[in-house]
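# An overview of the molecular structure
What follows is the residue order along each chain.
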Amino acid sequence: MEGRAVLDGLTQRAPGQWQIATVKAIKAETPRVKSFVLGLPMWMPHLPGQHYDVRLTAPDGYTAQRSYSIASSPLDEGTIELTIDRLSDGEVSPYFHDVLVEGDQVEVRGPFASYFVWHGESPVLLMGGGSGVVPLMAMLRHRRRTAPGVDMRLVYSVRTAEDVIYAGELGDDAVLTFTREPPAGWTGHTGRIDASMLEGAHGSAFVCGSNGFVEAATRLLLEHGFDPERVRTERFGPTG
């Protein structure tokens with residue numbers, strides 16, 4: 001059935017001011033991806049799909065700022081989770097990966113509004129490539145906790161088994177495909193996402209990943225019959 005799920009009265013808000021967040025926990029997701037749980041003194045609920053800005057300031061006053069999608073559900077009061085891919089030539093992600101430890105502090109601002117947010121549409125298809133799964137996981141986590149009956153499915157494309165982010169959380173509502181090297185004994189899909197993985201899918205779609213992934217996935221969705229106005233996309237650039 002087409003419709004909307006109730007998202008506990010969540011509303012889109014203007015982002016708060018810069019604040020000092022404290023690192024509460026760090027989890028290694030893959031060899032180059034880590035999740036950071038940040039405690040916020042001025043926390044406000046976000047919408048699944050929104051992001052926060054992170055700002056680092058050097059002793060000489062130089063600043064570097066990047067945006068990272070929120071991976072956690074808005075129900076995680078007082079904290080947000082940012083899942084960050086380490087880029088060797090980045091200015092912010094290496095600091096998070098190589099320097100930050102639990103108890104450290106970092107400057108953040110958000111949540112920032114975007115049209116790439118789940119308001120409770122149903123049914124909904126989530127399509128993620130690599131670290132593009134991060135904002136989609138916020139949607140999946142929140143649906144599991146607030147509206148488990150909502151028809152939501154994640155189609156997730158990764159290169160190899162060690163590239164799977166949130167591997168321990170992917171259940172029956174997620175389908176994976178490996179584009180380079182599947183794990184030993186894998187009997188599921190391999191190669192790029194194709195029409196066979198969209199069988200029965202309709203309604204709204206959220207697509208997040210690299211430019212190439214988003215373009216290919218969007219084209220596939222339109223060929224499958226999705227209404228262009230109900231396909232929302234977000235592209236991850238190489239900055240970090």
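Below you will find a few notes about this structure. (Residues numbered from 1 in each chain as written. Predicted model: local features only at pLDDT ≥ 70, side-chain atom pairs only at ≥ 80, totals over all residues. Heavy atoms only, no water.)

So, on to the pattern of salt bridges. Applying the stated criterion to the full structure yields 11 salt bridges. Of the charged contacts in the structure, one is a salt bridge between Asp173 and Arg143, with a shortest N-O distance of 2.7 Å. On the criterion of sequence distance, the pair formed by Asp173 in the loop between β10 (152-160) and β11 (174-181) and Arg143 in helix α2 (residues 133-146) is long-range, its members being 30 residues apart. No difference in accessibility class separates Asp173 from Arg143, as the two residues are buried. A single network of salt bridges, built from pairs that share partners, joins Glu81, Arg141 and Glu169. (Salt bridge = Lys/Arg side-chain N within 4 Å of Asp/Glu carboxyl O. Helix = DSSP H or I, 4+ residues; strand = E, 2+ residues; numbered from the N terminus. Buried < 20%, exposed > 50% of the residue type's maximum accessible area, 1.4 Å probe, protein only.)

Turning our attention to the sheet that holds strand β4 (residues 51-57). Taken together, six strands build an open sheet; the order of strands is β5-β4-β7-β2-β3-β6 and the sheet is antiparallel. With one partner strand each, in any of the chains shown, β5 (63-69) and β6 (79-85) form the two edges of the open sheet. Across the sheet, the axes of successive neighbouring strands diverge by a mean angle of 40°, strand direction being ignored. Where β4 and β5 come together, seven bridges link them in antiparallel fashion. Of the residues in β5, the one forming a bridge with Thr57 is Thr63. (Pairing = 2+ DSSP bridges. Axes fitted to C-alpha atoms, helices over the stretch in contact; angles between N-to-C directions.)

Pairing is parallel in the open sheet, where six strands are placed in the order β12-β11-β10-β9-β13-β14. Here the strands that pair on one side only, and so sit at the sheet edges, are β12 (189-190) and β14 (231-235). Pairing analysis gives five bridges linking strand β9 (residues 124-129) to strand β13 (residues 204-209), with the strands arranged parallel. When the sheet's bridge partners are listed, Met127 is paired in β13 with Val207. Along the sheet, α2 makes contact with β9, β10, β13 and β14, crossing β10 at roughly 145°. (Contact = heavy atoms within 4.5 Å.)

The element β10 is extensively covered by neighbouring structure, given that seven of its nine residues are classed as buried. Judged from the six bridges that link them, β9 and β10 form a sheet pairing that is parallel. Counted as the bridge partner of Leu125 is Arg153 from β10. One crossover worth recording links β9 to the parallel β10 by way of α2, and it is right-handed. Of the strand pairs in this sheet, β10 and β11 are connected by six bridges, and their pairing is parallel. Across the sheet, Ser157 pairs through a bridge with Thr177, a residue of β11. (Right-handed = clockwise from strand over helix to strand, strands pointing away.)

Below, the discussion takes up the layout of surface pockets. Volume-wise, the largest pocket comes out at about 1300 Å³. Taken together, 42 residues form the lining of the largest pocket, with Gly129, Gly130, Ser131, Gly209 and Ser210 sitting closest to its centre. Sorting the residues of the lining of the largest pocket by element identifies β5, β6, β10, β11, α3 (211-224) and β14 as the ones contributing at least two each. Looking at the lining of the largest pocket element by element, the count peaks at seven residues for α3. Among the residues forming the lining of the largest pocket, the class breakdown is 14 nonpolar, 17 polar and 11 charged. (1 Å grid on protein atoms, 1.4 Å probe; cavity = no way out; pocket = protein on both sides within 12 Å on 5 of 7 lines; lining within 4 Å. Points joined across faces, edges and corners; volume = space filled by probe spheres on them. Nonpolar A, V, L, I, M, F, W, Y, C, P; charged D, E, K, R; others polar.)

Before going further, it helps to spend a moment on the packing of aromatic side chains. In the structure shown here, the tally under the stated rule is four aromatic pairs. Arranged with centres 5.4 Å apart and planes meeting at 85°, the rings of Phe116 and Phe206 form a pair that is edge-to-face. Pair noted here: Phe116 is in the loop between β7 (105-112) and β8 (121-122) and Phe206 is in strand β13, with a separation of 90 residues, a long-range link. Judged by relative accessible area, which is 0%, Phe116 ranks as buried. Considering the side-chain rings of Phe178 and Trp186, the 4.9 Å spacing of their centres and the 85° angle between planes classify their relative orientation as edge-to-face. With a relative accessible area of 32%, Trp186 lands in the partly exposed category. Among the aromatic side chains, those forming a connected cluster through ring pairs are Phe36, Tyr68 and Phe96. The cationic tip of Arg55 hangs over the ring face of Trp18; the distance from NZ or CZ to the ring centre is 4.0 Å. Over the face of the ring belonging to Tyr166 we find Arg141, whose NZ or CZ atom lies 4.9 Å from the ring centre. (Phe/Tyr/Trp six-rings, centres within 6.5 Å; stacked < 30°, edge-to-face > 60°. Lys NZ or Arg CZ within 6 Å of the ring centre and 35° of its normal.)

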